[in-house]
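# Results of the structural survey
Next come the chains, spelled out residue by residue.
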Amino acid sequence: MATNRTYNRRNIFVVYTIIMLIACLLIVRLAYIMVYRADYYGVRAQQLHERERPIKAERGIIYDRNGVEIASNKPVCTISVIHSQIKDPETVIRLLSETLGLSEEKVRKRVEKVSSIERIKSNVDKETADKIRNFDLDGVMVDEDYKRYYPYGSLASKVIGFTGSDNQGIIGLEVDYDEVLQGIDGTILTLTTAQGLEIENAAEDRVEPIAGNNLTLSIDVNIQQYCEQAAKKVLEEKEAKSVKMILMNPQNGEIYSMVNYPEFDLNDPYTLTVQTGVDTDTLTDKEKNDLLNEMWRNPCISDTYEPGSTFKTVIAASALEEGVVKLTDNFFCPGYKIVEDRKIRCHKVGGHGAETFVDGIMNSCNPVFMEVGARVGAENLYKNFKKLGLFNRTGIDVPGEANSIMHKIEDIEAVELATISFGQSFQITPLQLLRAASAIINGGKLITPHFGVSVTNPETGYVQELQYDVKEGALSKETSETMKQLLEAVVADGSGKNAYLPGFRIGGKTATSEKLPRGTGKYISSFIGFAPANDPKVIAIVLIDEPTGIYYGGTIAAPVIADVFSNVLPYLGIEENYSEEEKEKFEIGSFQVPNFLGKTKEEVAELIKIYEFGEIYYIGEGDTVAEQFPLEGEQVNKNSDLILYLD
Amino acid sequence: MAQSENRRMTQKRKRHSYYDYSLLFLTLFLVCFGLVMIYSTSSFNAQRMYGDETHFLKQQALAVLLGITAMLIISKIDYRIFLKRVLGLPVRLVTLIYIGAVGLQVAVLIFGREVKGAKRWIDLGFISFQPSDLSKIATILFVAYVVNLAPRRLDKITGFFRVAVYMAPLLGLIAKENLSTAIVIAGIMVSVCFVASRKKLYFIVVGIICVLVGSLYVFGVGYRSERVDVWRNVETHPKGFQILQGLFAIASGGIFGTGLGESMQKLGFIPEAHNDMIFTIICEELGLFGAIAVILLFVLLLWRLFIIAINAPDLFGGLIAVGILAHIAIQVILNIAVVTNSIPSTGIPLPFISYGGTSVSVLLAEIGVALSVSNQIRNER
């Protein structure tokens, strides 16, 4: 047998040394990774283990001008089961199906499904969820969440808009103020296994969500509701296609209400409101989508139309501003006007005959305005249109605003100029017209119509007032004063007299626009009105789309505004102020009720001659009065009824 | 006189009863540490897959008990028994073991159970094992035996080739199914031959040629194997996932580690963390200090084997000890080099610690042989 020689031992030592050297190199390598590269790989490993679970930030609340919640959040819960953690499936199935009102098979299917997490029901209200949480069942998870909730349902639906599932505005103010309302989502950082299961007791990093800011609007819920009712009433009476209405403060552009009737339910925005002749079940997705988009659009700002006679306010203001017409100028209307080779008719076939400019406005006489328009000329007309903001979007704080469609100035010949002069052959949005009219009656301020008034931070209470552009000098003060008087005359004694409200000074202008293409018998009846005429606090426009039967704006649209104003003006604190003439005409006034007790019928008859009671009712058989209503000393309006009980 | 005679006798008996307890206890310590780490790394997956978090621990503990028993028995048998002819056959026991190993490798190719696309397991119903692990011990003994027959021949390269030719059947069979084991076996063979040879120039020349060819293969512009691609682009290559996850684990450990049982990466991020990647979890849980401590344990263990090798009573015993030393060293080095992405990846378990019944019991048996060699050391130097 060979012996273990010295050189063998030396060789063994060499082998061992080589091994030691390599071991040292490996230790260096390890130290390099574990110390020098620790940050790089360590951070990546950390990212791998951490799961971010977002915590939804509460969306800001939208208030009306009086602090009434229009859009808020409702806590809702999602109930789910984790298969691997369920210990007593039968109890879980029984209790969940009982409390959630689901069938047992349905719950059983979900509970027995082998998956990491299975949703049983979402949008469960908090009470029910709390009940389930109190059962303390293993493997049943209750997750809280917020859902956007609109307490008034369909109120101003197309203005306010709604949000999607990811807390994102889809239409309306919810889109425009998305950044304000959204807030910043928080996160929970948890450690998970490779399968994504959270590790219990692992240190959690929690970043709290920051709730969105609250938004206060200029909308007044009461006014909006009243306007919607008025719109609904006229829509049903006239079997119209739709009714649009805007009420605004002409001094600063705050919009009190914007109605696009029919509205839709903001809490259920994906259900089509009943449309005649459309079977919602047979629609393709695209058709349904188109219909939904149609339902969601806000025609007050997105649709343009030919304004018709309401636009004569702009023409008259331009003419006065340019000094080409005086109120006393005389005109003659034979029922038409020949412009170049065309005979353009007045709405009154027989013609208005000889009339002043004031009469022309009150009669809404087309030949007068064609003449006035020609005097102003296309260039000056467009200069004034521009000053009145008719070439620009108004800049309202809801998305989807359309712009006007005007002739190019170089294309305007005599015929075009004539049609423009009574509000045809071009299109603007109702809101653009309302803004121009506001400038005409507020002393020449071109305001920005808007809804948002202020933004409030719910944490700090800091209130940020929102600022909007106001351009002065769209019109001279004198023209504005004159226009107010002219428009008040239109309502007091002209084509707009159906908007007349005793006790209030109302100005306005009617319009009946024939829709394009002409000759289909489809009209838009509209009226633009404001009050008080001497110091406008509110301006309103109403458009009745495709009314059936009588379609004259003065006949059907003006009374709607009268109705709205009769309620809204007192609500806004604008008191009735009857002129003597009005008191006379409408028998306005009050008196103190005298004493009738103990008086005989003859004596009563004498007294009644002095006081202006309405109907007198005698109740019972007898000669003397035993009881009276109203009581003695009460202040009653003229023409009030009187009830006397005889004995 | 009588007194000195007496002392001489006791001294002789003392020398006679030399037994490397340091090696024994180092081994036992490593194995126990391995069990702890296997429990730590495998409990999550065991719970997930078998519903019993000690599933892998139990399996391994069984193999460890078997291995320790074998180790203790073998350590008391004179290693020279391998050179004896047995059962009246015309071959020595060591040759029989070698032929048996070759036979098992053939058997595994025919009857082997396929796991993940490679036939490496022989299933006997009550027990299944990897013959390639048995082949390692066979290689150590057989190469030591062949070299021992004529150590002078290894002074020339032809002598080395002679050993290689003897080993060729086993190496070829193993390389077909399990390249990493073949590398370990070839490494053992080279180490033993190196120790036996007096002239080492050809080893150096061949070594340099190997390094040159290797670098050309790795860094050359031409064809590159996927394995090399993964190694070079471990962060972007889709197959670098496991190594990258291992690097994450190592780097997460930092200097003092996250604490025993606190590893994140074992929670499914590193597949089968209790196998070849166990060192990464040791790094993550015990930190750089723990990792260096484990490496030092191996260094100590190898030191004891080194002492046994140089003190062995004859060349055969010395070469056996060298073979065992080489086996353990190569596996430790390759394993750590792979998990730190220092070399292209290859599947080699960490001795005594990685999960694997055959591996741990064979290693324990090998330590038994080394102890047996130590038991025959007569004169202390």
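As a reminder, the structure under discussion sits directly above these lines.
Residues numbered from 1 in each chain as written. Chains lettered and ligands numbered in written order. Predicted model: local features only at pLDDT ≥ 70, side-chain atom pairs only at ≥ 80, totals over all residues.

## So, the overall build of chain B
Helices and strands together make up the secondary structure of chain B, namely 13 helices and three strands. With 381 residues in all, chain B has 49% of them scored as buried. Considering only intrachain contacts with a sequence separation of at least 6, the fraction spanning at least 24 residues in chain B is 70%. (Helix = DSSP H or I, 4+ residues; strand = E, 2+ residues; numbered from the N terminus. Buried ≥ 20, exposed ≤ 12 C-beta atoms within 10 Å, placed from the backbone. Contact = placed C-beta atoms within 7 Å.)

## Concerning the pairing of strand β10 (residues 255-261) of chain A
Residue and element names in this part refer to chain A. Buried residues dominate β10, accounting for seven of its seven residues. Sheet topology places strand β9 (residues 242-248) next to β10; six bridges connect them, and they run antiparallel. Note that in β10 the partner of Lys-244 across the bridge is Asn-260. Connecting the antiparallel pair β9 and β10 is a turn made up of six residues, with Gly-253 showing a positive phi of about 85 degrees. (Pairing = 2+ DSSP bridges.)

## Overview of the sheet that holds strand β21 (residues 538-545) of chain A
Residues and elements named next belong to chain A. The sheet built from five strands is open, its strands ordered β10-β9-β21-β20-β19 with antiparallel pairing. Each edge of the sheet is formed by a strand with only one pairing partner; in this case those strands are β10 and β19 (507-514). Taken pair by pair, the neighbouring strands of this sheet meet at an average axis angle of 5 degrees, ignoring direction. By the bridge criterion, seven bridges tie β9 to β21 in an arrangement that is antiparallel. Within β21, the position partnered with Met-245 by the bridge is Val-542. Strands β9, β19, β20 (523-531) and β21 of the sheet are contacted by helix α19 (residues 553-571), whose axis makes an angle of about 35 degrees with β20. (Axes fitted to C-alpha atoms, helices over the stretch in contact; angles between N-to-C directions.)

## Description of the interface of chain A and chain B
The figure often quoted for interface size is the accessible area lost as the parts come together. Chain A puts 35 residues into the contact, and the matching count from chain B is 43 residues. Of all the elements in the fold, those that place two or more residues in the side of chain A that touches chain B are α1 (6-36) and α2 (38-49) of chain A. For the side of chain A that touches chain B, the per-class residue count stands at 23 nonpolar, eight polar and four charged. (Nonpolar A, V, L, I, M, F, W, Y, C, P; charged D, E, K, R; others polar.)

## Overview of the environment of Ile27(A)
Position of Ile27(A) relative to the elements: it lies in helix α1. Accessibility expressed as a C-beta count within 10 Å gives 17 for Ile27(A), which makes it partly exposed. Filtering out sequence-adjacent residues up to four positions away, Ile27(A) remains in contact with Ile292(B) and Ile295(B).

## Regarding unusual backbone geometry
All names here are of chain A. For the peptide bond that leads from Leu-516 to Pro-517, omega is -10 degrees, which places it in the cis range. Summarising the element assignment, Pro-517 is placed in the loop between β19 and β20. Residue Ala-531 is joined to Pro-532 through a cis peptide bond whose omega torsion reads -20 degrees. If you trace the backbone, Pro-532 turns up in the loop between β20 and β21. Positive phi, close to 55 degrees, is recorded for Asp-136, a residue that is not glycine. Tracing the backbone through its elements, the reader meets Asp-136 in the loop between α5 (126-135) and β5 (140-149). Here Asp-136 falls in the exposed class, since 7 other C-beta atoms lie within 10 Å of it. In the Ramachandran plot, Ser-364 falls in the positive-phi region, its phi being about 55 degrees despite a non-glycine side chain.

## A short note on the packing of helix α6 (residues 157-177) of chain B against helix α7 (residues 179-196) of chain B
All names here are of chain B. Taken N-terminus to C-terminus, the directions of α6 and α7 make an angle of 165 degrees; their axes are 10 Å apart at the nearest point. By the angle class used here, α6 and α7 are roughly antiparallel. Judged by the sense of rotation from one axis to the other, the crossing of α6 with α7 is right-handed. Residues Phe-160, Val-163, Met-167, Leu-171, Ile-174 and Ala-175 of α6 lie in contact with α7, whose contacting residues are Leu-179, Thr-181, Ala-182, Ile-185, Ala-186, Met-189 and Cys-193. (Parallel < 35°, antiparallel > 145°, perpendicular 65-115°, else oblique. Left-handed = near helix turned anticlockwise from the far one by under 90°.)

## Brief notes about the nonpolar core
Formed by 126 residues in total, the largest nonpolar core has its most connected members in Leu141(B), Val192(B), Leu305(B), Ile320(B), Ala321(B) and Leu325(B). Among the elements that take part in this core, helix α12 (residues 315-339) of chain B stands out by supplying 18 residues, more than any other. Every residue in contact with Leu141(B), bar those within four places of it in the chain, is listed here: Phe82(B), Val94(B), Ile97(B) and Ile320(B). Formed by 119 residues, the second largest nonpolar core is a distinct cluster that contains Phe162(A), Tyr382(A), Val398(A) and Leu446(A). (Core = buried A, V, L, I, M, F, W, Y, C linked by C-beta atoms within 7 Å.)

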